[in-house]
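Observations on chain architecture
Given next are the chains, with one letter for each unit.
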Amino acid sequence: MPKKRSGGGLSPTQQAAKFLGVSVLAGAVMAGIALPAAGALGLAAKGSVQSFDEIPANLKSPQLSQRTTILDNQGKQIASVYSRDRTVVDLKDMSPYIQKAIVAIEDARFYQHGAIDLKGVLRALNKNAQEGGVAQGASTLTQQLVKNYFIEEAGDDPTKVAEATQQTLGRKIKELKYAIQTEEKLGKKKILENYLNITFFGEQAYGVEAASQRYFSKHAKDLNLQESALLAGIVQSPSRYDPVNDEAEATKRRNTVLQRMADVGDISQKEADQAKQTPLGLHPSRPRNGCITAVRGAGFFCDYVRDVVLNDPVFGRTKESRAKLWNQGGLTIRTTLDPQAQDSVQASIKNHVYQSDPVATAATIVEPGTGKILAMGQSRPYGFGTNETQINLSVNSDMGGGAGYQPGSTFKPIVAAAAIEGGKPPTQKYPSPYEMPYPSPVQACDGKVWRNDPNNPAKLQNENESEHGPYGMKEATAKSVNTYYVQLISDIGICPVTDMANRMGVRRADGRAIDQAPSIALGTQEMSPLTMANAYATFASRGMYCTPIAIESITQKVGSAEKSLQVPKSTCSRAMSEKTADTISTILKGVVEDGTGQQAGLGDRPSAGKTGTTDERYAAWFVGYTPNMAGAVWVGDPAHKRQMKNITIGGVYNEKVYGGQVPGPIWRDMMTGALTGKPVEDFNLINIPDDHKKGDGQGKGQGGTDGGNNGTSTGGIGGLIGGLTDGGTADGGTVNGGTTGGTIGGATPAPTFSLPGNFIQGQTNGGTNGNGNGGWRG
């Protein structure tokens, strides 16, 4: 907003016109309030008085914009943010010198006149006429206060600011009437207090407390004589008398104020002369505003808190009302951020991924059962420089994040949860060959069916040729077998999976709906770390999903009082049964103990989790949890351009990056520090029989016969790829090709595979005509 006040920054011509208007206005006011209308002046005044009387007498002091303080869950400051840097203080907390200085230089007869100083108007007109210019102003402190009210109400809207400062007779009449009302309502001391809290002192400082901190790094109550005179002198023209940028001009103005204080008897001439000889004594503090100043690397969390206030209807029905609340400030926001967890996240990130690395990492920790966000950090810090960013890599795009990142195999437990919740046992087996076409058709939502293109079928494969089934769910998850999970989603259908994802708060980071295609089982839909951490917290809390929250309480300063504001509460709902969640925890505990996530293990503290690595290694993940904390770690190129092959990250060379290899240790270290001193809790485990070995003849076939494994398997490969529709029989339902013997897996996850060009894009609502792989029909 413009850094100007009444009497500052006007040309001599403009000021002369202003005082001409003031003289006419004085006549108008006198005519309307105390004198009968007579002659030409009376007629002119009569019209003005009519307008004057029609102005509603309903001026209210605005809620002054102040700084907002953001605290962690221990009450320690994270950051200070403000639209206008202002701290409102009582008159008793302002030095007597600043009170006397501002009155002496701005309105010496403040305590003798009412809202309007007619004697001052006449004196100013006479003085200005004698000197042929504008030497004195005529606005009282009360009038200036009212004008600042209008400016404050205008906020940062340039049109409203222009209206509040326009030099018109109509605005001046309105200002005068409100000045009279203000004088009657508040009294002199409160007017002076409000004026010193609202007026602009330059250098982003609004109000005397902020100005005292800005120029002298001290409280307003501790200002001495010469410091007070300097601040009082700035008010007339903050840019012209800025002591930081023009010490000589500021010194002249300060000495003018000192002399004026002596002239009106506030100080002796000797005191004034001595003070004039002193240096300005500046000890400036640089303005520190915004989330960029946050401690503990919590700048992105700070931004997230801001976005919550600006977007959540609990803070106002409209976008404008929420923005007004934020800009007015004066808020003390106690957040959910846990300093121990935040420090641990930042330390782990710093140890494993350098700011200058070609890829980045982002990590988030939440509390199961409450939705509280405990920590949020990333390797590229908050800022505008090289390898810095203002994009929060941990959250969705509507909360300041990007478009998200494919979570890869960390999505598989959601598929498993949907299957178990729907009645599939954790011992469910599928042939799971090394390579296979996508099974087709697959039931989607709303009666639609997904079909692979028979002429150019989309295929997938596991990470290693040694990975081939049959597998049960526990082993397939531990080894992150792609073909198992595609057979699983093809068996149960797509809709149960998307429904489960929705109940767990799992949505695409860009706000789009999850695609209706079986490839979603392999994590092809872009998600954010916060989304994945909070989803896994559902497993940790035995099936209860809680919406994420970042704010515990807010108080707002209103005058000298404080009031509590309503804040968003986490909404918890059952996403799955306790037994389903406990079964998933049992399966994912095995991933950490014996599978691809061994490097993420927490030693004696029970933990569970899942690795994820996407096609061409654009992203790698580890998402895991203990009963009392859940966390997600993503590593990759936010621009989705740099493949993580033959790459050095954190000073360590990697031929290929796997979820358990880079994100896993980051997760391990951040969770170890975050959980230090916290109770060691165990999961409620489910007894899942070990998978039967190949060739044992177990598993009754429903969809077709798997001739290569000496037995049949539920949803066998023949039925899945043989064209089964609506429970009908498969065309050519048997297949050969199952292999026997050999080893399975290894401690590296299977990444998402390459898809043919239009595999996802080929889906339509109305049906397909065969164009594009992966089309589906209604």
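This report concerns the structure included in the present document. (Residues numbered from 1 in each chain as written. Predicted model: local features only at pLDDT ≥ 70, side-chain atom pairs only at ≥ 80, totals over all residues. Heavy atoms only, no water.)

So, the environment of Tyr-111
The condition is simple: The helix and strand labels rest on DSSP assignments: H or I over at least four residues marks a helix, E over at least two residues marks a strand, and numbering proceeds from the N terminus. Here a residue-residue contact requires only that any non-hydrogen atoms of the pair lie within 4.5 Å.
Summarising the element assignment, Tyr-111 is placed in the loop between α3 (96-106) and α4 (118-131). Linking Tyr-111 and Gly-187, residues 76 residues apart in sequence, is a C-alpha distance of 9.9 Å. Excluding anything up to four places from it in sequence, Tyr-111 contacts Val-103, Lys-188 and Leu-192.

Thoughts on the sheet that holds strand β18 (residues 629-636)
Cut-off, in case you're wondering: The pairing criterion for strands is at least two bridges between them, as found by DSSP. Fitted lines through C-alpha atoms serve as axes, helices being fitted only where they are in contact, and the angles separating the N-to-C directions of these axes extend from 0 to 180 degrees.
Ordered by their spatial adjacency, 5 strands build an open sheet running β5-β4-β18-β17-β16, and the pairing between neighbours is antiparallel. Strands at the two margins of the open sheet, each flanked by one partner only, are β5 (373-378) and β16 (608-613). Going from strand to strand, the sheet's axes swing by 5° on average, the running direction of each strand aside. Summarising the sheet, β16 and strand β17 (residues 619-626) pair through 6 bridges and their orientation is antiparallel. Bridging from a neighbouring strand, Gly-612 pairs with Trp-621 of β17.

Remarks on the nonpolar core
What counts here: The term nonpolar core refers to a set of buried residues drawn from Ala, Val, Leu, Ile, Met, Phe, Trp, Tyr and Cys, joined through side-chain atoms within 4.5 Å. Each residue's exposure class comes from its accessible area (1.4 Å probe, protein chains only) as a fraction of the maximum for that residue type: buried when under 20%, exposed when over 50%, partly exposed otherwise.
By size, the foremost hydrophobic cluster in this structure holds 100 residues, and its most contacted members are Phe-301, Tyr-484, Leu-488, Met-504, Phe-539, Ile-551 and Tyr-625. The contacts of Tyr-484, once residues within four sequence positions are left out, are Gln-428, Lys-429, Tyr-430, Ser-432, Tyr-471, Gly-472, Met-473 and Ala-476. Ranked by size, the runner-up nonpolar core spans 45 residues in total, among them Leu-223, Ala-250, Met-261 and Ala-275.

Things to note about the pattern of salt bridges
The condition is simple: Salt-bridge detection follows one rule: a side-chain nitrogen of Lys or Arg within 4 Å of a carboxyl oxygen of Asp or Glu.
Here the structure, examined in full by the defined rule, presents 23 salt bridges. For Glu-249, the salt bridge identified is with Arg-240, shortest N-O distance 3.4 Å. The exposure class assigned to Arg-240 is partly exposed, which follows from its relative accessible area of 48%. A salt bridge links Lys-645 to Glu-616; the nearest nitrogen and oxygen atoms lie 3.1 Å apart. Taken together, the positions of Lys-645 in strand β19 (residues 645-649) and Glu-616 in the loop between β16 and β17 put the pair 29 residues apart, joining distant regions of the chain. Taking the relative accessible area as the measure of exposure, Lys-645 reaches 30% and is therefore partly exposed. Taken together, the shared-partner salt bridges in this structure form one network comprising Arg-84, Arg-86 and Glu-152.

A short note on the sheet that holds strand β3 (residues 331-335)
Spatially, β2-β1-β3-β13-β14 is the arrangement adopted by the 5 strands of the open sheet, whose pairing is mixed. With one partner strand each, in any of the chains shown, β2 (77-81) and β14 (561-565) form the two edges of the open sheet. Strand-to-strand twist of the sheet, defined as the mean angle between neighbouring strand axes without regard to direction, takes the value 20°. Here 5 bridges tie β3 to strand β13 (residues 551-558), and the two strands are oriented antiparallel to one another. What sits directly across from Thr-335, in β13, is Ile-551.

What about the environment of Ser-432?
Its location among the elements puts Ser-432 in the loop between β6 (429-430) and β7 (435-437). Since its relative accessible area comes to 0%, Ser-432 is described here as buried. In this structure the C-alpha to C-alpha distance between Ser-432 and Pro-470, which are 38 residues apart in sequence, comes to 5.6 Å. Residues contacting Ser-432, with those up to four places away along its chain left out, are Asn-462, Glu-467, His-468, Gly-469, Tyr-471, Val-481, Thr-483, Tyr-484 and Gln-487.

Concerning the pairing of β18
Regular strands show a simple pattern: their side chains alternate between the two faces of the sheet. Counting buried residues in β18 gives 8 out of 8 residues, a clear majority hidden from the surface. Bridge analysis of strand β4 (residues 360-366) against β18 gives 7 bridges, and the strand direction is antiparallel. Paired with Ala-360 across the two strands is Gly-636, which belongs to β18. The pairing of β17 with β18 spans 8 bridges and is antiparallel. Bridged to Ala-620 within β18 is Val-635. Between the antiparallel neighbours β17 and β18 lie 2 residues.

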